[in-house]
Amino acid sequence: MTSKQVKPLSGAVRTSAGAVRPLAGVRITGGLLHHWQRRNGTATIPHTIEQLRAAGNVANLSRLLEQDPAPYRGRYPFLDTDLYKTLEGLAYELGDGRAGEPVREFFDEVVGLLERVQAGDGYLNSFFQDPAATKKPWEDLAWGHELYNLGHLIQAAVAAARRMGDERLLRVAERFADLVVERFADDGVCGHPEVEMALVELYRETGLRAYLDLAAAFVDRRGKGQLKHSIFPGDYFQDHLPFRELPSVTGHAVRMAYLAAGAADVYLETGDRSLFEALERLWDDMVATKLYVTGGLGSRHSDEAIGDRYELPSERAYTETCAAIAVMQWGWRMFLATGGAGYLDVFERVLYNAYAVGLSADGKAFFYDNPLQRRPDHEQRSGAEAGGEPLRRAWFTCPCCPPNIVRWMAQLGDYVAAERDGALLVASYAEGRIEGTELDLAVETAYPWDGDVRLTVERAPDGPYGLVLRVPGWARGATVTVNGRPHEADAAVTDGGGSRAAEPHDGWLTVERRWQAGDEVRLTLPMPVRAHGSHPYLDATRGAASLARGPLVYCVEQQDSPDAAVDDLVIGVPEIVNANIERRDDAVVLTLTAAAAPPPSSELYPELPLEEAPLETTVTAAFVPYFLWGNRGPEAMRVWVRTPDATNGKKAK
Ligand SMILES: [Zn+2]
């Protein structure tokens, strides 16, 4: 290794190709995201630590310090990553002052174990370091997950260094990374992408170019059919075609999106346009043809694969929680690269739906896959293995998702705002304080439950400065006032404390002026209830409608449709857009009237009549945010409901 360059400031990231820079100085102090972060600290993290101990993840390390180590526990060679993801989350919690002594003790215990277990040459993996291991290090790159392990180690280490100023884990990660730089100088690539993102971050943290070069090499080397596996084909690993030649996102969903996020990081540092062109093409294609309305990615249980274009079945949706996180990581990097607000629309759709649904309301149970429909007679696959739990489960044999939820929940503040020269960009709205640029703001809002946002200037620079507010694609007719005056009134006064505000352009609304402490900006994002259909090629939901309000997708559970089976509800667009918006304790609920189709004939494929009788029964039903479903018992649920168009000609009265 060459000598180290100056380390960037805590949380700061240098980018050469990026349009905007991330901002680490955001504190969320109220509202839904705050509730989620508090629950993470009080419920999910203690539960996760307990499960990691019970499942043997900690013992897998500590046993290696014994003379005659007990056998490795668990089925998979990547169980160290569940510790790493948890450590990453804990680093945010500890660094941001949200965690107490038990969390610090666990953090210190595991870091101490990692320091002691790491081999003399830097290698670290409790599965392969087992004297009784059936495979040697680096022998099985397709399935060994060793670089995937390293990736999560690096991410935890960088988080600890930046947020806590604790570099112990960074030393461990660097030693392993240095070994990998040597070992993989000329060839080889991991079966599970992840390390690419991490190596770029390690480059940003240390300034050592070798890490960036290796990340770029891993992206470039993929796609040459070198990963051999007895079960999975090359496209599972995205190893059937070079990244730049992929026609569409494909293969294992989490692998694909982690790879793309890593490639985006490489682009942010190298400015390699050919990489960006591929990223943009793949992202656009994914959003247009392969993403569920919830933002979930992955249509097939088989191989946890993405599937074909428009192959988006509701009840068999896979949409692994980890894939949701990976899509957010990718989308955020595309936003950094371009400043494009559309990437944040997708980010938010994933955050509030496909990601949030993965965790129970009490924070102690998890979905691994996230279907958009549950049939009344649903049979739970692997229910017995998981103790027969019919909905979210306390833990998994392959527990990749729970600690991924933990680390992502802990860092939500990092995805609220960004900066570019002379301007602060507010990417999403959460109650809290935004610091770190020349303009400090206090934000008050109940977003995503309503679209009113009040931003108060607490500290301002001397000269003009831009405040750039994201206007989500669904927020038609958004308005902004500055100190109580609509922006049109202000537009006439551009000097001496006046302000200029532009119409939303490409999803951004810019107010540039000389700010003073106490200035107040009010943004109003209208949040009517929306009815969404689907592309005509999307057979699974053709003719059906889904309900949304703001960034939230809604669903109906049987508990909230007392007079009709959810499968018999028939709802027209007028009933949807005129739904009652009701604020309850923990959520905004939509209530509406619907028609109820009579029980269908028993024939699976009846011959269609020329014309059918109109539907006459009227019932009421309540829709809850999709992320809240499955917290009141295992009953039927639908995101997509029948519309009058989808009932073989039946029209609701
Ligand atoms: Zn997962």
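Residues numbered from 1 in each chain as written. Predicted model: local features only at pLDDT ≥ 70, side-chain atom pairs only at ≥ 80, totals over all residues. Heavy atoms only, no water.

Per an unreviewed UniProt entry, the protein chain carries the name Glycoside hydrolase family 127 protein and comes from Nonomuraea monospora.

Trainee: Just give me the short version of the packing of aromatic side chains, but keep the residues and values in it.
Mentor: One pass over the structure, following the stated rule, counts 34 aromatic pairs. Between F232 and Y236, the ring centres sit 3.8 Å apart and the planes meet at 5°, which makes this aromatic pair stacked. One aromatic cluster is present, built from ring pairs that chain together W36, Y352, Y429, Y447, W449, W474 and F627. Positioned over the ring face of F184 is R183, at 4.6 Å from the centre of the ring. (Phe/Tyr/Trp six-rings, centres within 6.5 Å; stacked < 30°, edge-to-face > 60°. Lys NZ or Arg CZ within 6 Å of the ring centre and 35° of its normal.)

Trainee: Go over the coordination of the zinc ion with me, naming the residues and quoting the values.
Mentor: Within the protein, the zinc ion binds to E320 (OE), C322 (SG), C400 (SG) and C401 (SG); these donor distances fall in the range 2.1 to 2.3 Å. Considering all four donor atoms around the zinc ion, angles at the metal cover 93 to 118° and the coordination shape is tetrahedral. Taken in sequence order, the residues that donate to the zinc ion follow the motif E-x1-C-x77-C-C. Both residues of the pair, C400 and C401, belong to the buried class. (Donors = N, O, S within 2.8 Å, 3.2 Å for Na, K, Ca; no water. Tetrahedral: all angles 85-135°; square planar, octahedral: opposite > 155°, others 65-115°. Buried < 20%, exposed > 50% of the residue type's maximum accessible area, 1.4 Å probe, protein only.)

Trainee: With reference to specific residues and values, describe the environment of W330.
Mentor: Here W330 lies in helix α11 (residues 321-338). Judged by relative accessible area, W330 falls into the buried class, the value being 0%. Separated by 51 residues in the primary sequence, W330 and L279 have C-alpha atoms spaced 9.2 Å apart. Among all residues touching W330, those that are not within four sequence positions of it are V249, A257, A260, A261, A264, L279, L282, W283 and M286. (Helix = DSSP H or I, 4+ residues; strand = E, 2+ residues; numbered from the N terminus. Contact = heavy atoms within 4.5 Å.)

Trainee: Can you break down the side chain of T591 residue by residue, with the values?
Mentor: Topologically, T591 is positioned in strand β20 (residues 588-596). Of the residues examined, T591 reaches a relative accessible area of 18% and is grouped as buried. For T591, the contacting residues outside a window of four places in its chain are A579, N580, E582, R584, A621 and A622.

Trainee: Can you tell me about the pattern of salt bridges, naming the residues and giving the values?
Mentor: Summed over all chains, the structure comprises 43 salt bridges. Put simply, D96 and R98 hold a salt bridge, and the shortest N to O gap is 3.5 Å. Judged by relative accessible area, which is 17%, D96 ranks as buried. Here R98 falls in the partly exposed class, since its relative accessible area comes to 31%. Each of R162, E201, R204, E205, D265, E269 and R333 takes part in a single network of salt bridges with overlapping partners. (Salt bridge = Lys/Arg side-chain N within 4 Å of Asp/Glu carboxyl O.)

Trainee: Describe the sheet that holds strand β2 (residues 26-30), and please don't skip the residues or the numbers.
Mentor: The seven strands lie next to each other as β2-β6-β7-β8-β14-β10-β11, forming an open sheet whose pairing is antiparallel. Where the open sheet ends on each side, the last strands, each with one partner, are β2 and β11 (485-486). The strands touched by helix α1 (residues 31-55) are β2 and β6 (431-434); relative to β2, the strand with the most contacts, the crossing angle is about 95°. (Pairing = 2+ DSSP bridges. Axes fitted to C-alpha atoms, helices over the stretch in contact; angles between N-to-C directions.)

Trainee: I'd like a description of unusual backbone geometry, backed by residues and values.
Mentor: The linkage connecting Y447 with the following residue, P448, adopts the cis geometry, with an omega of 10°. At Y310, a residue that is not glycine, the phi angle is positive and equals roughly 70°. By the secondary structure assignment, Y310 is in the loop between α10 (273-289) and α11. Positive phi, normally seen in glycine, also occurs at N483, with a value near 50°. One can find N483 in the loop between β10 (479-482) and β11.

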